[in-house]
Amino acid sequence: MAKYDPVTMKDWQIAEIAEAEMIPFDEMCAKLEIPKDERIPYGQKIGRIDYLKCLERLQSKPDGYYIDVTAITPTPLGEGKSTTSLGLIEGLGMRGVNVGGALRQPSGGPTMNIKGTAAGGGISLLIPMTEFSLGLTGDINNIMNAHNLAMVAATSRLQHEFNYTDEQLAKRNLKRLNIDPKNFEMGWIIDFCAQALRNIIIGIGGKMDGFMMASKFGIAVSSEVMAILSVTTSLADLKKRLNEITVCYDKQGNPITTGDLEVGNAMTAFMVPSINPTLMQSVEKQPVLIHAGPFANIAVGQSSIIADQVGLKLFDYHVTESGFGADIGFEKFWNVKCRFSGLIPQVAVLTTTVRGLKHHGVNAGALPCPPGKPVPKEYFSASKETFAWLEDGVQNAVHHIRTIKKAGINPVVCINSFHFDSKEEHDLIRRVCEAEGARVAVSKHWQFGGEGALEFADAVMEACKEKNQFRFLYPNELPLRQRVEIIAEQVYGADGVDFLPEALAKAKKFEADPKYNEYATMMVKTHLSLSADPTKKGVPKGWRLPVRDFLVYSGAKFICPVCGAISLMPGTASDPAFRRIDVDVKTGKVTGLF
């Protein structure tokens, strides 16, 4: 496609050209044979799909092939997982098959910070890009309203219980919940990286200004409401889960839920529109559903089950994506999302880059790449020194291939190629990964779109048609601590697990209560290393996983073992993306998004 040149053009410039020719929402729906009563338009370019009507109409249609895109352990250099997902969709489209996908909605925090939006890049890009990056059809706004309403309910109730006697509360049809202001599970949320809001004091003023207490903010996509949206399977299920969120505790340590606060139903009212996925498209006009966007290092890190259910009926090949590397996102796709949904994948794509694998070559002296700093020039050339880095670092890919194979599904390694890579480097990755039983394809989708992803698309189609033996890593009836130990040893490569005293006490409590048997084990760990230490690159050896605490998401039904320090509110860096975003006041066009 000569009209797009990713080497010289910014993503927003490519998007601007592509959007002038994109298929309007109604026309895209007609192409997918989606009737008018299942379409919920938002202007001319995008709209939602009524998931329930769509699934009821297509209930007898067999599901398409189910493909998950994951990656090596992330590096500051970027592996291009969203770009690879879109490149695969475009490559399959170029082969003439009925293909689409489901991806996560980006958070405003990273979009306005360092990472940028999650729209892909080059010719493998989602459009309309501005709408995608700046709120889309309002899901994150609805999540913020629902979540913060729960906090309004709890903090106002605390104030009224402080100000009124039991008799006065009874006149208002309220009973005393005896809320402990020092024991809140939830905080407030906002969709920015705002480190100044991590720890705050609220209720400053008089007795009518609320109860003065310590509080906190997290980023919107860390909300349990977002996690619930990603795993819910129906509106009834959504309403039930939103009424079971633990907001805080009483002074005896008993949980107080959104149902106790009589706020869960109102939260559901905010979320009704958001249960339906939004339909977008790639630069090459392939359909892509956007739905949910939870963090992967603290939540499930997947687009929604509902979007996958719809996509598997609409498309013969359905591509989705897991957050971060295969140890985090794929493990949760495999053992949480697929367990909740009952859907069985055929293929997992492991996204790699030459630069990323070199970065993991720490045993061979690979230079560090601190986030926000210029990348050392050595990463842009093939030399004897950097080839040694690659020989060492490719073992990170080998580790993740072995993890995928433990799920019993077929791995395909995508070498996301850059123009400064050498054939010898690609050949090394291919040789090592093929020796592990993976198909390997070099793909140039960023620069050439679908035409650059044909080898990649062919490898995935072959893998889809090969039989697999999908299986979970552990049975659901396994006790919590044993689940954690299996994940640590078989997925991360740890020698074992050390439970700190507080965590050990909580684990014993959960294991003794049958209601927690069906809760998913949602590991909370750094994404920057297979270990719990983000500075340890490659494939660390001789280490144990520390578990310092357990969090409970009673609405989402997650028990979260916490390994190391994880913040729910990222910080904005000194050179954030918002400095380069602008608006043409004559046309209203937004520039500078990436």
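All of these numbers come straight from a predicted model, not from anything done at the bench. (Residues numbered from 1 in each chain as written. Predicted model: local features only at pLDDT ≥ 70, side-chain atom pairs only at ≥ 80, totals over all residues. Heavy atoms only, no water.)

Description of the sheet that holds strand β12 (residues 246–250)
Here three strands make up an open sheet; going across it, the order is β7-β12-β13 and the pairing antiparallel. Edge positions in the sheet fall to β7 (179–184) and β13 (255–257), since each has one partner strand and no second. Going across the sheet, the axis of each strand differs from the next one's by a mean of 50°, ignoring polarity. Sheet topology note: the β7/β12 ladder contains two bridges and is antiparallel. Note that in β12 the partner of phenylalanine 184 across the bridge is cysteine 248. Strands in contact with helix α7 (residues 139–163) are β7 and β12; relative to β7, the strand with the most contacts, it is inclined by about 135°. (Pairing = 2+ DSSP bridges. Helix = DSSP H or I, 4+ residues; strand = E, 2+ residues; numbered from the N terminus. Axes fitted to C-alpha atoms, helices over the stretch in contact; angles between N-to-C directions. Contact = heavy atoms within 4.5 Å.)

Observations regarding the environment of glycine 496
Here glycine 496 shows up in the loop between α19 (480–492) and β20 (497–499). You can call glycine 496 buried: its relative accessible area is 4%. Separated by 12 residues in the primary sequence, glycine 496 and valine 484 have C-alpha atoms spaced 9.5 Å apart. Apart from residues no more than four positions distant in its own chain, glycine 496 is found in contact with Glu489, Trp543, Arg544 and Leu545. (Buried < 20%, exposed > 50% of the residue type's maximum accessible area, 1.4 Å probe, protein only.)

Comments concerning the domain arrangement of the protein chain
If you check the domain split of the protein chain, you get domain 1 (63–136 + 279–465), domain 2 (139–272) and domain 3 (480–562). Spacing between the C-alpha centres of domain 1 and domain 2 amounts to 36 Å. Listed as interface residues are 24 residues of domain 1 and, on the opposing side, 17 residues of domain 2. Taking both sides of the interface into account, the surface hidden between domain 1 and domain 2 amounts to around 1500 Å²; carbon and sulfur atoms contribute 68%. Considering only the side of domain 1, the residues that lose the most area to domain 2 are Gln105, Phe295 and Phe340, jointly responsible for 22% of the buried surface there. One can count zero salt bridges joining domain 1 with domain 2. Secondary structure elements with two or more residues in the side of domain 1 that touches domain 2: α5 (108–111) and α12 (305–314). Of the residues that constitute the side of domain 1 that touches domain 2, the class distribution is 12 nonpolar, 12 polar and no charged. (Domains from an automatic or database assignment. Buried area = accessible area lost by both parts, 1.4 Å probe. Salt bridge = Lys/Arg side-chain N within 4 Å of Asp/Glu carboxyl O. Nonpolar A, V, L, I, M, F, W, Y, C, P; charged D, E, K, R; others polar.)

Overview of the packing of aromatic side chains
Per the stated rule, a full pass over the model turns up 15 aromatic pairs. Note on tyrosine 379 and tryptophan 389: the rings are 5.3 Å apart at their centroids and 50° apart in plane angle, and the pair reads as tilted. With a gap of 10 residues between them, tyrosine 379 in the loop between α14 (354–359) and α15 (384–406) and tryptophan 389 in helix α15 connect regions that are remote in the sequence. Ring geometry for phenylalanine 470 against phenylalanine 472: centres 5.3 Å apart, planes inclined by 80°, an arrangement best described as edge-to-face. By way of ring pairs, the aromatic residues Phe499, Phe510, Tyr516, Tyr519 and Phe550 are connected into one cluster. The ring of phenylalanine 418 has arginine 355 lying over it, and the distance from NZ or CZ to the ring centre is 4.9 Å. Between the NZ or CZ atom of lysine 525 and the centre of the ring of tyrosine 492, over which it lies, the distance is 4.7 Å. (Phe/Tyr/Trp six-rings, centres within 6.5 Å; stacked < 30°, edge-to-face > 60°. Lys NZ or Arg CZ within 6 Å of the ring centre and 35° of its normal.)

Quick word on unusual backbone geometry
A cis geometry characterises the amide bond from isoleucine 127 onward to proline 128, with omega recorded as 0°. In this structure, proline 128 sits in the loop between β6 (124–127) and α6 (129–133). One non-glycine residue, lysine 285, adopts positive backbone phi at about 70°. Here lysine 285 lies in the loop between β14 (278–282) and β15 (287–290).

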